[in-house]
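Survey of secondary and tertiary structure
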Amino acid sequence: MQQLPTPNQSQNRPSETPLSELDRITELASDLAGQFELVPLLERVLGHAAALLGCESGSISIVHEAEGYYRKEVDQGVGCREGQTFPLTEGLTGQIVKTRGTVILDRYASVPSGHIDPADPRWGSAVIGVPISWAGTIIGTFAIFSDGPGRVFSPGDASLVELFANHAAIAIMNSRLHQAAAAKEREAAVAGERERAVQEVHETIGRSLGSLLLHLDRADKATPGKSPSTQHIDSARVLAHEALFETRRTVLGLGPSSVADRSLEDAVRQELDRVGANDPMDVTLLVTGNPHELAPVVAHQLFMIIQEAVANAVAHACATRCRVGIFYDTTGITAVVEDNGRGFEGRESADLKGSRLGLHGMAARVHYLRGELHVESTLGWGTSVRARVPYSSNGDASRERWKVLVACTQPLLRAGLVRLLETSEPSVQILGEFGTLEDLTESVSLLQPDMIVLDEHLLSRYAKARVTDADTVERPVVAVVDRFADELLAAAASSGVRGFLSLSSTPAEVARVVVAAARGDALLDGAMFTRLAETRQTAESASTAAHLTVRELEVRDLLAEGLADKQIATRLGISVKTVEKHVGAMLRKTGARNRTMLVTLQQDTR
């Protein structure tokens, strides 16, 4: 889009005669029609307002009141760190939001926690601060500074600034609507291509499963009636039928059938019946309290947690008995899975360590629902898993979804990953899918995802692109690989890889690794993590050591004091999610496996 000229540039005018107030407002209104680039528009609005008041300095900030911060979007002649964010307890913007109206000050020096250097002439100058409002909500602030201590602003000056603040509000909302429309257009294009690819996948898988069922029928007919193989053939036939059923549901755009058209208790009871029929373990279900209507996402995630815990009891605990409990109370629902298996050493909670991928997956799901997970295990005596989550009163998820980009050179693999995550993991939102590095890097800059899923063909190229483009934003990466060569680990170390998937990964493993990586956990077994950490250390010593930002150092120091994420967020005036992102960035930069190791590294460097 063509860059808009600033107000002090001539536009084919025969003379340098200053524009009148009416001329400026009329010209500004024409600018707002059909223009959607926010910063140039706001620069023009600010320039017109300052010129009419005979001033040269001002700023416009975008306010995010719910999150408690604002961003200095446009800055003209003030030097207030344009592009940076500040808490709403600071600066002139904080005072405007607090008073919910126009602020006129004879001296900027009276602003609490101001951002102008006292040596700046504007420190002692007058200032007008006006809220930029839309539908009763403050979405920004508009400030004009006098050019010296001799100027005092009047209510009439404030009324003029309020008029231009209305123009700024129109520019901001037009820009947001345009961005939303462009995003929907991109999503529609991606969805169309995705549907075509999924149909192709379904045809391939459907044919394979049909052939598998045919061969199983032939094997069943050729096997003697009392043969031990008959039971295994029957089990394989059931699994093949279920796979074909789920594939058809996926193509039709339906969600996972785990709790479709059933209550959570019925879905769990059927799962336990299946486990009891295939494994020599006594499984029981207990339900207490008055059943509460659960949002689909809550029911699905709880079912997956219970399913994972029971699977652990079967595959790892060597248990002979497993009890499952579902407890409803006035504020939430609790799921408990207890077994009498061999257990493991130590006590673990939501901050799980090591290579226990199943526990990591359960922790990630509970974290998504804003709940609590407690795991207690005694060696030789069994394990107890307790997950408690709140009810979702409006039927929506308890938090925003993780925003993910999928990039694979093979269309089949890319479409399969996208469809699997969309249908089986409600906590994931696919922003886009790409097959080239150029599309990926452009989309990362444009869409700002929470994490990226890459295949091994794009991994090393993406690592080089990050260095070339000086991309300092830390985003978790999950890599899809079928080999673990040293050069691949080197690329992983410099790309922020937090988890690996292979072509033999199950759907549950894919969802588990992606969700936990988005949260900031590293899902790697011990040997793979050691190799990755050693490769990261070698790569850093060959170039430059990991550098922590000032904010990351503040978060690390508060972690050392034993503060929780919510306490750190309150202390620093940022959101809990921002704290989690800072911690994840520090773990990747330092190579620490967990928060405890991160704090230990801090103490070792002192």
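Owing to the predicted nature of the structure, the values given are computational and were not obtained by experimental measurement.

1. Overview of the sheet that holds strand 1 (residues 57–64)
- Judged by pairing direction, the sheet is antiparallel, and its 6 strands sit side by side in the order 3-2-1-6-5-4 without closing on themselves. Looking along the sheet, the strands with just one partner apiece sit at the ends: strand 3 (85–87) and strand 4 (103–105). Recorded for the sheet is a direction-independent mean angle of 25° between the axes of neighbouring strands.
- Inspection of the sheet shows strand 5 (residues 127–134) paired to strand 6 (residues 137–145) by 8 bridges, in the antiparallel sense.

2. Topic: the packing of helix 15 (residues 550–560) against helix 16 (residues 565–572)
- Interhelical geometry of helix 15 versus helix 16 gives an angle of 130° and a closest axis separation of 10 Å. Taken together, the axes of helix 15 and helix 16 are oblique relative to one another. Helix-helix and strand crossings are classified by hand; for helix 15 and helix 16 the assignment is right-handed. Of the residues in helix 16, those in contact with Arg 551, Glu 554, Val 555, Leu 558 and Leu 559 of helix 15 are Ile 568, Arg 571 and Leu 572.
- Of the residues that constitute the contact of helix 15 with helix 16, the class distribution is 5 nonpolar, no polar and 3 charged.

3. As for unusual backbone geometry
- One non-glycine residue, Ser 113, lies in the positive phi region at around 55°.
- Turning to its location among the elements, Ser 113 is positioned in the loop between strand 4 and strand 5.
- Here Ser 113 falls in the partly exposed class, since its relative accessible area comes to 46%.
- One non-glycine residue, Ala 135, lies in positive phi territory at about 55°.

4. Examining the packing of helix 16 against helix 17 (residues 576–590)
- At a closest axis distance of 8 Å, the pairing of helix 16 and helix 17 adopts a crossing angle of 105°. It follows from the interaxial angle that helix 16 and helix 17 lie roughly perpendicular. Within the contact between the two elements, helix 16 uses Asp 565, Lys 566, Ile 568 and Ala 569 and helix 17 uses Val 576, Val 579 and Glu 580.
- Grouping the constituent residues of the contact of helix 16 with helix 17 by class yields 4 nonpolar, no polar and 3 charged.

5. Some words on the pairing of strand 8 (residues 321–328)
- As judged from the 7 bridges shared by strand 7 (residues 282–288) and strand 8, these two strands associate in the parallel manner. Along strand 8, the bridge assignment pairs Leu 285 with Val 324.
- Chirality of the crossover, the property in question, places the unit of strand 7, helix 7 (residues 296–315) and strand 8 among those that are left-handed.
- In this structure, strand 8 lies alongside strand 9 (residues 332–339), joined through 7 bridges in antiparallel fashion. Residue pairing in the sheet places Arg 323 in a bridge with Glu 338 of strand 9.

6. Some details on the pattern of salt bridges
- Taken as a whole, this structure holds 12 salt bridges when the rule is applied.
- Its salt-bridge partner being Arg 122, residue Asp 120 comes within 3.1 Å of it at the nearest N-O pair. Here Asp 120 and Arg 122 have matching classes, each one buried.
- In this structure, Arg 551 engages Glu 554 in a salt bridge whose closest nitrogen and oxygen atoms are separated by 3.0 Å.

7. Observations concerning the packing of aromatic side chains
- Scanning the model with the defined rule gives 3 aromatic pairs in all.
- For the ring pair Tyr 70 and Phe 86, a centre distance of 5.6 Å and an interplane angle of 40° mean the geometry is tilted. Separated by 16 residues along the polypeptide, Tyr 70 in strand 2 (residues 69–76) and Phe 86 in strand 3 bring together distant segments of the chain.
- Using a relative accessible area of 6% as the deciding quantity, one classes Phe 86 as buried.

8. Brief notes about helix 7
- With 20 residues, helix 7 should reach 28 Å at 1.5 Å per residue; the first-to-last C-alpha distance of 28 Å fits that figure.
- With 15 of 20 residues buried, helix 7 lies mostly within the body of the structure.

9. Thoughts on helix 2 (residues 38–52)
- End to end, helix 2 covers 22 Å across 15 residues, agreeing with the expected 21 Å (1.5 Å per residue, within 8%).
- With 11 of 15 residues buried, helix 2 lies mostly within the body of the structure.
- For helix 2, the complete set of buried residues consists of Leu 38, Pro 40, Leu 41, Leu 42, Arg 44, Val 45, Leu 46, Gly 47, His 48, Ala 49 and Ala 50.
- Looking one or two places after helix 2, you find Gly 54, whose phi comes out positive at around 70°.

10. Things to note about the confidence of the model for the chain
- Per-chain confidence: the chain averages 76 in pLDDT, with 73% of residues scoring 70 or above.
- Counting contacts from residues 346–355, a segment whose pLDDT is below 50, to residues more than four positions away or on other chains yields 25 contacts.

Conventions and cut-offs
- Going along each chain's sequence as written, the residues are numbered from 1 onward.
- Residues qualify for local features only when their pLDDT is at least 70, as the model is predicted, and side-chain atom pairs are given and counted only at 80 or more; totals for whole chains, interfaces and linings, by contrast, use all residues.
- To obtain the side-chain values, all non-hydrogen atoms of the structure were included, while hydrogens and water were left out.
- Strands are treated as partners if at least two bridges between them are detected by DSSP.
- Each helix is a run of DSSP H or I of at least 4 residues and each strand a run of E of at least 2, with the numbering of both proceeding from the N terminus.
- Axes, fitted as lines to C-alpha atoms, cover a helix only where it is in contact. Angles between the N-to-C directions of the axes lie from 0 to 180 degrees.
- Reported orientations rely on four angle classes, namely roughly parallel under 35 degrees, roughly antiparallel over 145, roughly perpendicular from 65 to 115, and oblique for the rest.
- Two helices crossing with the near one rotated counterclockwise from the far one by less than a right angle form a left-handed crossing, whereas a clockwise rotation gives a right-handed crossing.
- Here, residues are in contact when the closest pair of their heavy atoms is within 4.5 Å.
- When residue character is reported, Ala, Val, Leu, Ile, Met, Phe, Trp, Tyr, Cys and Pro are called nonpolar, Asp, Glu, Lys and Arg charged, and the others, Gly included, polar.
- Only protein chains enter the accessibility calculation, which uses a 1.4 Å probe; a residue is then buried when its area is under 20% of its type maximum, exposed when over 50%, and partly exposed in between.
- With strands facing away from the observer, any crossover in which the path from the first strand over the helix to the second runs clockwise is taken as right-handed.
- In what follows, salt bridge is the name for a side-chain nitrogen of Lys or Arg lying within 4 Å of a carboxyl oxygen of Asp or Glu.
- Side-chain rings of Phe, Tyr and Trp, where Trp is taken by its six-membered ring, are said to pair if the distance between their centres is within 6.5 Å; with planes under 30 degrees apart they count as stacked, over 60 as edge-to-face, and otherwise as tilted.
- Given a helix with a known number of residues, its expected span is that number minus one, times 1.5 Å.
- Scored between 0 and 100, pLDDT is the confidence that the predictor attaches to each residue.

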